[in-house]
4 protein chains.
Amino acid sequence: MNKDENRYYQRKINYYETDQMSIVHHSNYIRFMEEARLFHFNNSGISYTDLEKRGIYIPVLTVNCEYRKACLFDQTLLINVIPVFFNGIKMKFKYEIFVEGDNVLHAKGETEHCFINKERKPIYLKKEFPQIYQIFLQWFENNKVIL
Amino acid sequence: MNKDENRYYQRKINYYETDQMSIVHHSNYIRFMEEARLFHFNNSGISYTDLEKRGIYIPVLTVNCEYRKACLFDQTLLINVIPVFFNGIKMKFKYEIFVEGDNVLHAKGETEHCFINKERKPIYLKKEFPQIYQIFLQWFENNKVIL
Amino acid sequence: MNKDENRYYQRKINYYETDQMSIVHHSNYIRFMEEARLFHFNNSGISYTDLEKRGIYIPVLTVNCEYRKACLFDQTLLINVIPVFFNGIKMKFKYEIFVEGDNVLHAKGETEHCFINKERKPIYLKKEFPQIYQIFLQWFENNKVIL
Amino acid sequence: MNKDENRYYQRKINYYETDQMSIVHHSNYIRFMEEARLFHFNNSGISYTDLEKRGIYIPVLTVNCEYRKACLFDQTLLINVIPVFFNGIKMKFKYEIFVEGDNVLHAKGETEHCFINKERKPIYLKKEFPQIYQIFLQWFENNKVIL
């Protein structure tokens with residue numbers, strides 16, 4: 001697969017991400033999903049650094065990953081992040097993990113999130129940060145159309 | 001919670017496992033589950049190092065984790081590994097992650113596995129490694145009783 | 001080597017700490033040194049969590065490591081931390097990394113540290129936290145005798 | 001600093017690379033140096049994957065790092081790798097770690113390496129792999145001129 005389209009987060013696999021089975025250790029896919037998610041935040045005009053400065057934190061509530069084909073050192077990952085649900089309290093993303101030059105889905109995953117403040121209390125975005133709520137809403141709406 | 005029972009894998013949380021939200025980064029729970037799983041392999045008379053020497057590898061097919069309460073630096077993890085399914089081709093474990101001195105379930109998860117050889121082809125344990133099959137079977141049977 | 005003595009920080013090597021060379025990835029030794037250092041802090045009556053609560057942070061200024069013999073999955077690390085210098089502004093530790101059941105030095109290293117507050121400004125312990133200064137001083141003095 | 005020149009390895013800092021001091025954990029710089037080193041291998045016509053396929057492994061003998069200014073999440077790293085010594089048996093690199101948009105050296109480091117085969121025995125490149133020896137030699141020579 002050769003995906004130049006913007007919506008794919010792209011990066012090489014590092015040596016230190018392999019294990020003695022000579023494949024990427026499965027825990028690293030959870031990190032790849034985070035990288036891809038925050039890359040797409042940026043692309044949609046949402047800087048995670050800015051959110052934290054305003055006191056908005058977005059922890060992970062659940063994660064799952066299905067490993068279909070091993071990823072190897074020096075391969076280039078191509079990760080598609082699909083925003084699937086957002087209601088101002090929770091949100092959910094799906095992920096498709098490909099490798100450059102190959103048409104196979106190597107892994108797919110999901111993460112669910114909520115919004116909390118510095119004291120780790122839930123935030124209701126629509127009320128407390130209506131502007132940020134609108135940006136997220138827009139992002140999720142736009143992707144719905146694409147899907 | 002203070003669980004001295006043998007079945008809990010126990011270890012402290014390291015500084016490098018935290019992130020700037022001042023909690024353990026969610027990807028590390030996947031690693032904790034692996035640590036706990038291999039600890040229980042050992043306790044059940046199965047050395048993962050020996051398995052690999054015989055050409056048996058046990059990759060992760062799926063993983064999921066539900067994060068309920070953040071874990072913090074310097075806390076002591078107590079992880080319960082519950083073998084839930086084994087048929088010689090696939091197996092499945094559940095995990096309960098606690099923290100010493102607190103009665104709350106901090107996280108729970110699941111992993112599914114298969115058995116492959118060095119060429120990454122599936123192994124049918126019962127036929128190819130009947131002795132190891134029996135050890136696994138025994139382990140899963142014993143736990144069924146406990147559950 | 002079988003070192004039951006208290007001064008050795010002891011823990012097993014995890015699968016996810018290996019790389020495709022089938023040895024522990026060299027970056028992890030820097031993490032092992034941190035684990036061993038904070039373990040010895042605890043043993044000397046210094047809780048790093050407490051220090052941070054009081055606004056004392058101890059970043060690493062320099063690190064070095066010399067790799068002599070590879071460490072492998074499932075081996076048990078035995079790490080000796082030697083406090084070598086402390087003047088209330090900076091401090092320095094040496095590390096000797098062994099593996100259980102083997103008399104060879106697998107790696108040795110050094111770290112240098114300073115003391116800073118939440119605003120990342122240097123702290124002069126002797127003036128600002130005389131009690132903590134005394135605990136550190138005592139620790140470094142005691143070890144000088146042992147050396 | 002804005003360095004578009006090819007010789008700088010460039011990549012963003014990930015969230016999972018921070019710790020609860022809200023800076024990049026010091027162990028990750030050792031990984032950044034590896035990433036930058038292998039990037040420059042590629043740029044010099046040396047694929048580390050190809051080397052391993054031929055049975056050439058390049059472990060790290062020593063590493064050191066001096067931390068001058070913390071790196072933060074979302075910053076873009078710019079890493080300069082300087083080949084400083086090569087004799088076919090050992091080699092040495094220096095590293096300068098910058099952050100985009102800032103003229104300060106954030107960290108500098110060094111690594112030393114040797115060449116070994118699958119049995120972990122030393123390789124003398126000049127004799128055993130004269131072509132690869134020439135590519136490395138060329139690379140080190142070219143950089144000497146630049147320095």
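Everything below is about the structure printed above this text.
For the structure given in this document, a descriptive report is provided here.

Analysis parameters
Residues numbered from 1 in each chain as written. Chains lettered and ligands numbered in written order. Predicted model: local features only at pLDDT ≥ 70, side-chain atom pairs only at ≥ 80, totals over all residues. Heavy atoms only, no water. Contact = heavy atoms within 4.5 Å. Buried area = accessible area lost by both parts, 1.4 Å probe. Salt bridge = Lys/Arg side-chain N within 4 Å of Asp/Glu carboxyl O. Polar contact = N/O pair within 3.5 Å; in protein donor to acceptor, adjacent residues only side chain to side chain. Helix = DSSP H or I, 4+ residues; strand = E, 2+ residues; numbered from the N terminus. Nonpolar A, V, L, I, M, F, W, Y, C, P; charged D, E, K, R; others polar. Pairing = 2+ DSSP bridges. Buried < 20%, exposed > 50% of the residue type's maximum accessible area, 1.4 Å probe, protein only. Least-squares fit on C-alpha atoms with pLDDT ≥ 70 in both. Expected span 1.5 Å × (residues − 1). Axes fitted to C-alpha atoms, helices over the stretch in contact; angles between N-to-C directions.

Attention shifts here to the interface of chain B and chain A. Each partner contributes residues to the interface: chain B has 27 residues there, and chain A has 27 residues. Here chain B and chain A share an interface that buries about 2200 Å² over both sides, 55% of which is from carbon and sulfur atoms. Put simply, chain B and chain A have zero salt bridges between them. Inspection of the chain B/chain A interface yields 14 residue pairs in polar contact (both at pLDDT 80 or more). Contributions of two or more residues to the side of chain B that touches chain A are made by α1 (28–43), α2 (48–53) and β2 (60–67) of chain B. Split by residue class, the side of chain B that touches chain A holds 13 nonpolar, eight polar and six charged. Note: strand β2 (residues 60–67) of chain A against β2(B), five bridges, orientation antiparallel. When the bridges of β2(B) are listed, A:Glu66 appears paired with B:Thr62.

Residues and elements named next belong to chain A. Note that His106 resides in the loop between β4 (90–99) and β5 (107–114). What makes His106 buried here is its relative accessible area of 0%. Spatially, the C-alpha atoms of His106 and Ala70 are 6.5 Å apart, while their sequence positions differ by 36 residues. Side-chain polar atoms of His106 contact the side chain of Asp102, separated by 2.7 Å.

All right, on to the relation of the copies chain D and chain A then. Taken as rigid bodies, chain D and chain A are interconverted by a rotation of 180° and an axial shift of 0.0 Å, the fit giving an RMSD of 0.0 Å. The relationship between the two copies is best expressed as a two-fold rotation axis. Measuring from the rotation axis to each C-alpha of chain D, the shortest distance belongs to D:Arg11, at 4.6 Å. The residues that chain D uses at the interface reappear at the interface of chain A in 100% of cases, marking a shared surface.

So, on to the relation of the copies chain B and chain A. Rotating chain B by 180° and translating it 0.0 Å along the rotation axis places it on chain A, where the RMSD comes to 0.0 Å. By residue overlap, the copies meet face to face through one surface: 100% of the interface positions of chain B are interface positions in chain A.

If you walk through the whole model with that rule in mind, you get 28 salt bridges over all chains. Here B:Lys94 and B:Glu110 are joined by a salt bridge, their closest N and O atoms 3.3 Å apart. In this pair, B:Lys94 sits in strand β4 (residues 90–99) while B:Glu110 sits in strand β5 (residues 107–114), placing the two residues 16 residues apart along the sequence. You can call B:Lys94 partly exposed: its relative accessible area is 37%. Residues participating in the shared-partner salt-bridge network are A:Arg11, A:Glu17 and A:Glu35.

On to helix α1 (residues 28–43) of chain C, then. Residues and elements named next belong to chain C. Between its first and last C-alpha, α1 extends 23 Å over 16 residues, near the 22 Å set by a 1.5 Å rise per residue. Counting buried positions along α1 gives 13 out of 16 residues, so the element sits mostly inside the fold. Looking one or two places after α1, you find Gly45, whose phi comes out positive at around 80°.

Here we come to the sheet that holds β5(B). The strand order across the open sheet built from 10 strands is β1(A)-β3(A)-β4(A)-β5(A)-β2(A)-β2(B)-β5(B)-β4(B)-β3(B)-β1(B), with neighbouring strands paired in antiparallel fashion. The sheet is open, and its two borders are formed by β1 (8–12) of chain A together with β1 (8–12) of chain B, each paired with just one other strand. Each strand axis lies, on average, 20° off the axis of its neighbour in the sheet, ignoring direction. As defined by bridge partners, β1(B) adjoins strand β3 (residues 76–86) of chain B across five bridges and the pair is classed as antiparallel. Looking at β3(B), one finds that B:Arg11 is bridged to B:Leu77. Of the strands in this sheet, β1, β2, β3 (76–86), β4 and β5 of chain A together with β2 of chain B touch helix α1 (residues 27–43) of chain A, which is tilted by about 115° from β2(A).

Read from one edge of the open sheet, 10 strands run β1(C)-β3(C)-β4(C)-β5(C)-β2(C)-β2(D)-β5(D)-β4(D)-β3(D)-β1(D), paired in antiparallel fashion. Looking along the sheet, the strands with just one partner apiece sit at the ends: β1 (8–12) of chain C together with β1 (8–12) of chain D. Taking the axes of each pair of neighbouring strands and ignoring which way they run, one obtains an average angle of 20° across the sheet. As paired strands, strand β2 (residues 60–67) of chain D and strand β5 (residues 107–114) of chain D are joined by seven bridges and run antiparallel to one another. In the strand pairing of β5(D), D:Cys65 is matched with D:Gly109. Where α1(C) meets the sheet, its contacts fall on β1, β2 (60–67), β3 (76–86), β4 (90–99) and β5 (107–114) of chain C together with β2 of chain D, and the angle it forms with β2(C) comes to roughly 115°.

Take unusual backbone geometry next. With phi around 80°, A:Asp74 is a residue other than glycine that occupies positive phi space. With respect to the secondary-structure elements, A:Asp74 resides in the loop between β2 and β3.

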